[in-house]
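Tertiary structure, described
Residues per chain are reported as follows:
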Amino acid sequence: MLSRVLQTGARRASQVSARHFSSQEITVDVGAAYTTHHFDDPSTEVTTTKDELIDYFKTMYTMRRMEITCDTEYKARNIRGFCHLYDGQEAVAMGIQAALKPEDAWITSYRCHCVALLRGSSVEQVFAELFGYASGSTKGKGGSMHFYNKKHNFFGGDGIVGAQVPKGAGLAFAAKYKTPEGEKMPIAIACYGDGAANQGQIWEAANMASLWGLPYVSVIENNHYGMGTATNRSSSNDDYYTMGNHIPGIRMNGMNVLAVKHGWEKVREFCSSGNGPMYVEMDTYRYHGHSMSDPGTTYRTRDEVGAVRETRDPIDYVKKLLVDHSLCTPEELKAMEKEIRGGVADSLAKAKAGAPLGPELLVRDVFSDDNGNDVPQPYVRMPQYVNSIRN
């Protein structure tokens, strides 16, 4: 199963994991995982299996190792430009993906490497994209902030703070428009950080979604710092799930993958059934700074970061469930971790064997004809005029 996680994308791998492991069920109380606004509280008892927990563990650990490797490669100057890492927030993306259907659309912010992994990219393709290589997820043209996979209904990766949110409402409009009346609709979700939560375009998108009854979810990944500013210093209302006023909302424990999946199943059912949009706040935490240029220690203490790692780490939570319920031994989990570390290292080596895209590819994927066919451009203006490309 792990090789498929590394080679063909984590979510597709999770679909085949059950054939390898026992399907023994356990019931877990996720505690005070939910706070709601005009919405019924989900049950706090969640049933899961050994299959599911091992899949979550392996996938989230792959995300973690991938992002840590990105840190190393950035510091070695093999990755350039902006780079925003997701380690610490893995349970948010994993739990959402576990609850969504393949036809549901997902658009997010520039902190998008791990969502790209869940939505069809491989670890090797993620690394190659960050190196600017033609073998990357978007042929090396997008880089860290612009992953994209239309085949798997992943629409980015957006480099402008909050700009993805109206696009998410547009995706929801398309879902409703294309669904026969009376049938359940695919949903569209737009994820953004607490730093974007007070922008006007956030409410404008929500207002339109409410007026038109769109299957849209406005998702705040609240990692408690917008760049370096704590939420209580930037927002007069930091109960973000209530910001839709009459629009239903829910806050979830975004460090608990079971709580996320279970809560999102309720959210998806509500929006897909024609009840209009929702606000969902994911209470989470990032271990790295805002970006690789931010050490993350000037506005919070190392003790604070360490305390979250010690008490709320999403991967450790799943490991503890597996061990406490006698579903895996610590030695078995260590063996899985070793295999994943080796797989990520192999993916890195393969990505490094790639090459930057040539000038002939820069003139492609810019314009299309009326039939959607690519029309290569005769000229691309480069920052230095003498380096401009003429096809």
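Right, let's walk through the structure included here.

1. Focus on the side chain of T231
Among the structural elements, T231 can be located in helix α9 (residues 231-234). Its relative accessible area of 9% is what places T231 among the buried residues. Sequence-distant contacts of T231, defined by excluding residues within four places in its chain, comprise D194, N222, H224, Y225, D238 and Y240.

2. Some details on the packing of helix α3 (residues 50-75) against helix α4 (residues 90-99)
For the pair α3 and α4, interaxial distance at closest approach is 10 Å and the crossing angle is 135°. With respect to each other, α3 and α4 are oriented oblique. Taken as a pair, α3 and α4 cross one another with a handedness that is right-handed. Residue-level inspection shows Y56, T59, M60, M63 and R64 of α3 in contact with α4, the latter providing E90, A91, M94 and A98. Within the contact of α3 with α4, the residues separate by chemical class into six nonpolar, one polar and two charged.

3. Here's the deal with the packing of helix α6 (residues 123-131) against helix α13 (residues 330-352)
The contact between α6 and α13 brings their axes to 8 Å, and the two run at 45°. Put simply, α6 runs oblique to α13. Crossing geometry of α6 relative to α13 is assigned as right-handed. In this structure, α6 uses V123, E124, F127, A128 and F131 to contact α13, whose residues at the interface are V344, S347, L348, K350, A351 and K352.

4. Some details on α3
Over its 26 residues, α3 extends 38 Å from the first C-alpha to the last, a length consistent with the 38 Å expected when each residue adds 1.5 Å. Of all the 26 residues making up α3, 21 are buried; the element is thus mostly covered by neighbouring parts of the structure. Immediately beyond the C-terminal end of α3, within one or two residues, lies R77, with a positive phi of roughly 65°.

5. Looking at the environment of G276
Tracing the sequence through the fold places G276 in the loop between α10 (257-272) and β10 (278-283). Considering only alpha carbons, one finds G276 and S210, 66 residues apart in sequence, at a separation of 5.8 Å. Residues contacting G276, with those up to four places away along its chain left out, are G213, L214, F270 and C271.

6. Focus: the environment of N222
Relative to the helices and strands, N222 is located in strand β6 (residues 216-222). In the structure, N222 is positioned 49 residues away from F173 in sequence and 26 Å away in space, judged by C-alpha atoms. Not counting residues up to four positions away in its chain, the partners in contact with N222 are D194, T231, Y240, E281, M282, D283 and T284.

7. A closer look at the pairing of β10
Most of β10 sits inside the fold, with six of its six residues counted as buried. On β10, burial covers both faces: M278, V280 and M282 on one face and Y279, E281 and D283 on the other are all buried. Across six bridges, β6 lies against β10 in parallel orientation. Within β10, the position partnered with V217 by the bridge is M278. Sheet topology note: the strand β9 (residues 249-253)/β10 ladder contains five bridges and is parallel. Residue pairing for β10: G249 is matched across the bridge by Y279. Assessed by its sense of winding, the connection that carries the chain from β9 through α10 to β10 is right-handed.

8. Considering α13
Residues that lie three or four places apart on an α-helix share one face, since the helix turns once every 3.6 residues. The end-to-end C-alpha distance of α13 is 33 Å, a good match for the 33 Å that 23 residues give at a rise of 1.5 Å each. Along α13, the positions that sit buried rather than exposed are L333, M336, E337, I340, G343, V344, S347, L348 and A351.

9. Quick look at unusual backbone geometry
The omega torsion of the bond from G156 to G157 falls at 25°, within 30 degrees of zero and hence cis. Positive phi, close to 60°, is recorded for K139, a residue that is not glycine. Within the fold, K139 resides in the loop between α6 and α7 (164-178). Of note, S326 is a non-glycine position whose phi angle comes to about 55°, a positive value.

10. A closer look at a nonpolar patch on the surface
Together, F173, Y177, M208, L211 and W212 make up an exposed nonpolar region whose accessible area comes to about 600 Å². For the nonpolar patch, the secondary-structure elements that each account for two or more residues are α7 and α8 (200-212). For the nonpolar patch, the element with the highest residue contribution is α8, accounting for three residues. Within the element layout of this structure, W212 appears in helix α8.

11. Here we look at the state of the cysteines
If you walk through the whole model with that rule in mind, you get zero disulfides. With no disulfide of its own, C70 has C83 as its nearest cysteine by sulfur position, at a separation of 5.5 Å. C112 provides the cysteine sulfur closest to C191, a residue in no disulfide bond, and the two sulfurs are 11 Å apart. The class for C191 is buried, based on a relative accessible area of 1%.

12. Let's talk about the packing of aromatic side chains
Throughout the structure, instances matching the rule amount to eight aromatic pairs. With centroids separated by 5.9 Å and ring planes inclined at 80°, the aromatic side chains of Y148 and F155 adopt a geometry described as edge-to-face. Since its relative accessible area comes to 38%, Y148 is described here as partly exposed. Between Y225 and Y299, the aromatic rings sit 5.2 Å apart at their centres with planes inclined by 50°, giving tilted as the arrangement. Separated by 74 residues along the polypeptide, Y225 in strand β7 (residues 225-226) and Y299 in the loop between β10 and α11 (302-312) bring together distant segments of the chain. Considered together, Y225 and Y299 belong to a single accessibility category, that of buried residues. An aromatic cluster is defined as three or more aromatic residues linked by ring pairs; in this entry it consists of F173, Y177 and W212.

Cut-offs applied
Residues numbered from 1 in each chain as written. Predicted model: local features only at pLDDT ≥ 70, side-chain atom pairs only at ≥ 80, totals over all residues. Heavy atoms only, no water. Helix = DSSP H or I, 4+ residues; strand = E, 2+ residues; numbered from the N terminus. Buried < 20%, exposed > 50% of the residue type's maximum accessible area, 1.4 Å probe, protein only. Contact = heavy atoms within 4.5 Å. Axes fitted to C-alpha atoms, helices over the stretch in contact; angles between N-to-C directions. Parallel < 35°, antiparallel > 145°, perpendicular 65-115°, else oblique. Left-handed = near helix turned anticlockwise from the far one by under 90°. Nonpolar A, V, L, I, M, F, W, Y, C, P; charged D, E, K, R; others polar. Expected span 1.5 Å × (residues − 1). Pairing = 2+ DSSP bridges. Right-handed = clockwise from strand over helix to strand, strands pointing away. Patch = residues over 30% accessible without salt bridge, like charges linked within 9 Å, V, L, I, M, F, W, Y side chains within 5 Å. Areas by Shrake-Rupley, 256 points an atom, 1.4 Å probe, with all protein chains shown as cover. Salt bridge = Lys/Arg side-chain N within 4 Å of Asp/Glu carboxyl O. Disulfide = S-S within 2.5 Å. Phe/Tyr/Trp six-rings, centres within 6.5 Å; stacked < 30°, edge-to-face > 60°.

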